[in-house]
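# A look at the structure
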Amino acid sequence: MTSGSAGIRNGIRRMMAAAAPILVASIIPSTAQAADFILSGGEIYTPSGWVDAIAVQGDRIAAVGEGAALRKRYPAITTIVDLAGKTVIPGLHDMHVHPLGAGLSLQQCKFEQGSAPQQILDAVTACVKKAKPGAWIVGGQWAASSFGDTPPNRQMLDAIAPNNPVSLTDISGHSTWANSLALKAAGIARGTPDPKGGIIERDASGEPNGLLRESAAHLVRQKIPAPSAEDNVRALKTGIDTLVSYGVTALVDAVVTPEGLSAYQALTARNQLKAHVRGCLVYGRTWGDNSAFDRTIADRERYGSARFKLDCVKVFEDGVPTESHTAALIDPYAPDEHGQVKEPKRGLLLVQPAELDPLVTRLDKMGVTVKFHAAGDQASRTALDAIAAARQANGPDGPTHDVGHLTFIQPEDMKSAKAIRATLEFSPYLWFPSPINDDIIKASGTERIKRVWPVREGLDSGALVVAGSDWSVIPSANPWIGIETLVTRRAPDNQRPGEVYGPDEAITLKEAIDIFTINAARQFGYADSHGTIEAGKVADFIVLDRNPFKIAATDLHNVVVTQSYVGGELIYAK
């Protein structure tokens, strides 16, 4: 398989083209006020079955039922919205997303995921021609499998950008491809040691070859000129507004930096933050010394608002199970065509138990949710062990901590999650149409892939299961792609005919909708007021152009959101 194939590129192009009209549709101005109204004449999804009308008073659902009965019950409500047969479901949750990074990426040097090497070099050449000498060229996202037997290297970029430092992020976001000027700016030379939790790859002569893994990538990234504060605000708003246009009314920002925190404060002050957001500070990676992290998390309530809570900490337990070999695995990676397994053979465990267990115990006692990046089965085991240690120290009633990605997890570890109230978070958007799959299959081996992202097993374990997009690691934030692939385990739009990815892990549509609604509300800690359409709950819901339960599963990615409501306020209309 080659992730640079024309079929994948065309499929992604079709999806993004379909998304384009949504991105330019109207986000309702911040001056809009919640008004009492009835939506009637549609199909409304409730825990008790389907009804055709819903009454909203203030920020709450007053009642659900039949339109005539509700109009009679609430004669003072004069605003009647005709659904014209459309479908209403609870607002969706994206439990792992990067809206600021996604917004900023739109301003960078871009090429399609899965692009062939020459296509990438052509795109970068065009960006260099527009840039002044010495200006940084920043962009992405390249896939290692697109390069075949000749991995990307600094010389390729030096030839087209001799006067500009270049930094290109890979498809996972965990590796950087840099040219010589970028390496020089970061102080990376022959004698530079690998930083803790990172790898500086080198050529046969021992010179850095331009590929930087995990924390080594940060050596270059921290030298790139930072966007202005206003650039960050605009980018964050763009990212969140895009999510809202897909029906996402609540999200977890999995990496909130100091700059991102300032942008959230600005959006809140301008009344432009449309969705509910849980923000996750990053431990030990982007906050510099841990004293700054400690001060911020201790003072977290100062940053909160009605729609923004800073009550989560992100811990990167490992990297990704691609050719970088940075996801932490219990068993070694697959051998290459020569029968050799390159180092690190079992990946990188970035935070060891001696540091992790007391950290999670301390945060648990503070009432702070911990979200783990854990792609490999060793990382997920270590994360679950840390949660168990916190439960033993503090009792069973602390926050519900979240072990994220779970590309690989051992069956016995998954079965332990329910007992310690650990949430299992999967990434269905990463399966398709993202070319990262080819890198994962090649590095991990076909046998291990049979249980990749085991969502069916997760639900059967009785643990809480949620899902996140990881956008902009993936090309589209559309949750209906994730919902479809949870059900079909196939690439949408017949992009990869005949290929099924872990078919035994497929789930039902109802289970998939629950994952994005009531399950996510439980993880947020507000299932008593959100996650379903019921009288008394907050009026967070979305209007769809079709009923997802009445169409083929392979058509789910074509569902279009026509309206989004948060707290009874119309925040988006197509």
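One can find the structure itself at the top, above this paragraph.
These lines cover the structure that appears in this document, whether it is placed above or below. (Residues numbered from 1 in each chain as written. Predicted model: local features only at pLDDT ≥ 70, side-chain atom pairs only at ≥ 80, totals over all residues. Heavy atoms only, no water.)

### Section: the environment of D36
Rules: Only DSSP runs of H or I covering at least 4 residues are called helices, and only runs of E covering at least 2 are called strands; the numbering of each starts at the N terminus. Exposure categories follow from relative accessible area, calculated using a 1.4 Å probe and restricted to protein chains: below 20% of the type maximum is buried, above 50% is exposed, and the middle band is partly exposed. Between two residues, a contact is recorded if the distance between any of their heavy atoms is within 4.5 Å. Counted as a polar contact is a pair of N or O atoms within 3.5 Å, where, for protein atoms, one must be capable of donating a hydrogen and the other of accepting one, and residues adjacent in sequence contribute only when both atoms are in side chains.
Mapping D36 onto the fold places it in the loop between strand 1 (26-27) and strand 2 (37-46). What makes D36 partly exposed here is its relative accessible area of 36%. Here the alpha-carbon distance between D36 and D59, two residues 23 residues apart in the chain, equals 8.8 Å. Ignoring any residue separated from it by four or fewer positions in sequence, one finds D36 in contact with V56, Q57, G58, I77 and T79. Within the structure, the side chain of D36 is placed 2.9 Å from the backbone nitrogen of G58, a separation counted as a polar contact.

### Digging into the packing of helix 8 (residues 229-245) against helix 9 (residues 258-269)
Filter applied, for reference: Axis definition: a line fitted to C-alpha atoms, over the contacting stretch in the case of helices. Angles run 0 to 180 degrees between N-to-C directions. By the definition adopted for this analysis, an angle is roughly parallel if under 35 degrees, roughly antiparallel if over 145, roughly perpendicular if from 65 to 115, and oblique otherwise.
Running from N to C, helix 8 and helix 9 cross one another at 75°; their axes reach a closest spacing of 9 Å. Classed by the angle they form, the pair helix 8 and helix 9 counts as roughly perpendicular. Packed against helix 8, whose contacting residues are N232, V233, L236, K237 and I240, the element helix 9 presents E259, G260, A263, Y264, A266 and L267 at the interface.

### A closer look at the state of the cysteines
Between two cysteines, a covalent bond joining their sulfur atoms is known as a disulfide. Let me state the cut-off plainly: Cysteine sulfur atoms that come within 2.5 Å of each other are treated as a disulfide pair.
Inspection of the entire model under this criterion finds 2 disulfides. Here C109 engages in a disulfide with C127; their sulfurs sit 2.2 Å apart. Torsion about the S-S bond of the C109 and C127 cystine: about 95°, corresponding to right-handed handedness. One end of the pair, C109, is in strand 8 (residues 109-110); the other, C127, is in helix 4 (residues 117-130), with 18 residues separating them in the sequence. Bridging C280 to C312, the disulfide has an S-S length of 2.1 Å. In this structure, the disulfide formed by C280 and C312 twists by about 85° around the S-S bond and is classed as right-handed. Note that C280 is positioned in strand 15 (residues 276-282) and C312 in strand 16 (residues 308-316), a separation of 32 residues in sequence. You'll find C280 and C312 in the same group, each marked buried. If you count the bonded cysteines of the chain from the N-terminus, they pair up as 1-2, 3-4.

### Re the pattern of salt bridges
Here is the rule: What makes a salt bridge here is a side-chain nitrogen of Lys or Arg within 4 Å of a carboxyl oxygen of Asp or Glu, nothing more.
One pass over the structure, following the stated rule, counts 29 salt bridges. Among the salt bridges present, the one from E207 reaches R190, with a minimum N-O distance of 3.2 Å. With a gap of 17 residues between them, E207 in the loop between strand 12 (198-202) and strand 13 (208-214) and R190 in the loop between helix 6 (180-185) and strand 12 connect regions that are remote in the sequence. Here E569 makes a salt bridge to K274, at a shortest N to O gap of 3.9 Å. Of this pair, E569 sits in strand 23 (residues 569-573) while K274 sits in the loop between helix 9 and strand 15, and the two are 295 residues apart along the sequence.

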